[in-house]
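Fold and contact review
These are the residues of each chain, in order.
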Amino acid sequence: MDPRLAAQWMAAGMLPNFSRLAERGQFTSLATTIPAQSPVAWSSFATGLNPGGHGIYDFLRRDPQNYTPNFSVSETIFSDSTLDVLGWRIPLEEATIRNRRVGKPFWMQLEEQNGSSTVMRVPVTFPPDDIDHMIAGMGVPDLVGSQGTYTLYSTRPITGGTSARVVLMRAQADGHIETTLSGPAHPLTAAAESLEIPVRFYPTDGGIRAVVSGTDVNVKTGDWSDWINVSFDLFGVIKIKGLVRLYLIQGYPRPKVYVSPIQIDPHNPVVPLSSPASYAGELADRIGMFHTIGMPEETWSLNNGDLPDKAFLEMVKTTFAESEAMLFDAMQNNGSDLIVSVFVQTDRVSHMFYRGIDPKHPLYEETDTTGRDAIAWSYREADRILGKVMEKMRDEDRLIVISDHGFAPYRWSVHLNRWLLDNGYLTLREGSAESAIGFVDVDWSKTRAYAVGLNSIYLNVKGREAEGIVEDNEVASLKQEISQKLLIFHDEQQQSVVKTVYDSEEIYEGNANQDAPDLIVGYQPGYRASWQTTLGAVPAVLIEANYNKWSGDHCIASDEVPGVLFTSFKLQQPLSSIQQVAQFILDDWRGVETSP
């Protein structure tokens, strides 16, 4: 939630419950972390530590041994001990899943003081903490182990975008189609072949009839199906279970069907989803099935043009309803002293529909009235849920509403590795004019700096990176030189691109996980690192217009995108940043416990 939009719409009378909460307590902006990224900020929220203390610096981190980008939030560590029997590779030890965030969250500290906590969908809580009740958030994968791989079925060749699996299908003479849905890789084969289930489609009046893993559903064109249980057989006895939803993009005679990422079944989870382990299934019994992947809103599907705006917003309504049901179930059934519930929908809608409120965005003119109202709609939904919370609160309850950051327009993509190349800090192999993701054509023997993730620059330090060349005594001057040049970096219209460059040694206390970037780039509003930059690519151009529907962002200079802070009570001392919230809650808890 952005404080400027919140204030504007409160003043217009659009958010009556936020206005009422502000009058009862207070409303102010809340400084976010450096950088202003969700996994970074929520980790500081949880632990009260700066990024140097909790070790999460970006959505992505680089492996210094091979320079490849990896997910920063969690990692799966597989056993090297296997036994090969008749072509099967049998692990002798189970894989372990590790949350890479360092530090103890305040809800665990509260439970150590004999309090009880329910925590739902807070980012960077996978695997879940051992507390009274928790549903894990950002970090939970889908059933194939990714952060959101979806499937597109089409009777015509299509490309499909990032995270898409495209299946070309052919109708039989009677119109029916037989195909398959690929699931997780077979866990015991070296080739990691995917398990599959049969899928059949039949024409119906205005839609299709789909038979998926034995479940029969009818879907109208332009509609979502209900949840469909899927089961992938392993040896015929062991079954790996999940959930999908279908969206019928186009009906017969040329059907085009979208299948959501395969969610892990809360009743039969193959990875930890909740604490206790039974909580996810029990919750599903009470409120119905729900998305389990840590980032459920399918932004890539919309960004790639594989889902229309209408389908995306309908899906957001579903996740809103799921989060709402989870929250009120906790308020009614768990009896916890502390409830923490994260609603991500305002963030996802702002990412995808900022084009509707930014007249300077390249896609503004072609965004319809629903798209132009989408962000305001998400704020109104948040306001409606807030009103219900306030109605159900007891007199002694205390309510805090925060967001981890605000928002800004995203009009221009900056290829930061191209800037490093153009300025002599990164070198390509002889004969290469650009490089694909993963730095495949980078000459490390001549490269002094490279960019990975949304805000991070690393130096190619000798003894730290596998092929490092920068000596320790060169690091400080090189960081200063790059920073000074970035601050005078202008685009073709002579607009400043970078507002601030932060030196990690100056802003972070410590370096947990040893992943800290050397420099953090704070872009001006309107600019952001390109998607190619995040994955280590070096395109041919330096800056290009952002024609993606992902049109709003916050991975810029942190002081440009503060979050919000609402309280149902007056604060005796101001909270200056999201990092201070954890200690405030613990101190407040101790005060409540010691009062008469």
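The following paragraphs examine the structure supplied in this document. (Residues numbered from 1 in each chain as written. Predicted model: local features only at pLDDT ≥ 70, side-chain atom pairs only at ≥ 80, totals over all residues. Heavy atoms only, no water.)

Here the structure, examined in full by the defined rule, presents 36 salt bridges. The salt bridge involving Asp329 is made with Arg286; its shortest N-O contact spans 2.6 Å. Of the two residues, Asp329 sits in helix H8 (residues 309-333) while Arg286 sits in helix H6 (residues 279-287), which places them 43 residues apart along the sequence. Classification of Asp329 as buried rests on a relative accessible area of 6%. A salt bridge links Lys388 to Glu324, with the nearest nitrogen and oxygen atoms 2.7 Å apart. Pair noted here: Lys388 is in helix H10 (residues 369-392) and Glu324 is in helix H8, with a separation of 64 residues, a long-range link. Several salt bridges share partner residues, and in doing so they unite Arg61, Glu75, Arg98, Arg100 and Asp515 into one network. (Salt bridge = Lys/Arg side-chain N within 4 Å of Asp/Glu carboxyl O. Helix = DSSP H or I, 4+ residues; strand = E, 2+ residues; numbered from the N terminus. Buried < 20%, exposed > 50% of the residue type's maximum accessible area, 1.4 Å probe, protein only.)

So, on to helix H3 (residues 38-47). Counted residue by residue, H3 has ten buried out of ten residues, so it is predominantly covered. Of all the positions in H3, only Ser38, Pro39, Val40, Ala41, Trp42, Ser43, Ser44, Phe45, Ala46 and Thr47 are classed as buried. Just downstream of H3 lies Gly48, where phi reads positive at about 75°.

Pro35 follows Ile34 through a cis peptide bond whose omega is 0°. Relative to the helices and strands, Pro35 resides in the loop between strand E1 (26-30) and H3. Residues Ser275 and Pro276 are joined by a peptide bond in cis, for which omega reads -5°. Within the element layout of this structure, Pro276 appears in the loop between strand E21 (274-275) and H6. Look at Gln514: it is not a glycine, yet its phi comes out positive at around 55°. For Gln514, the position within the fold is in the loop between helix H13 (504-507) and strand E28 (519-523).

Treat this as a map of the structure, not an account of what it does.
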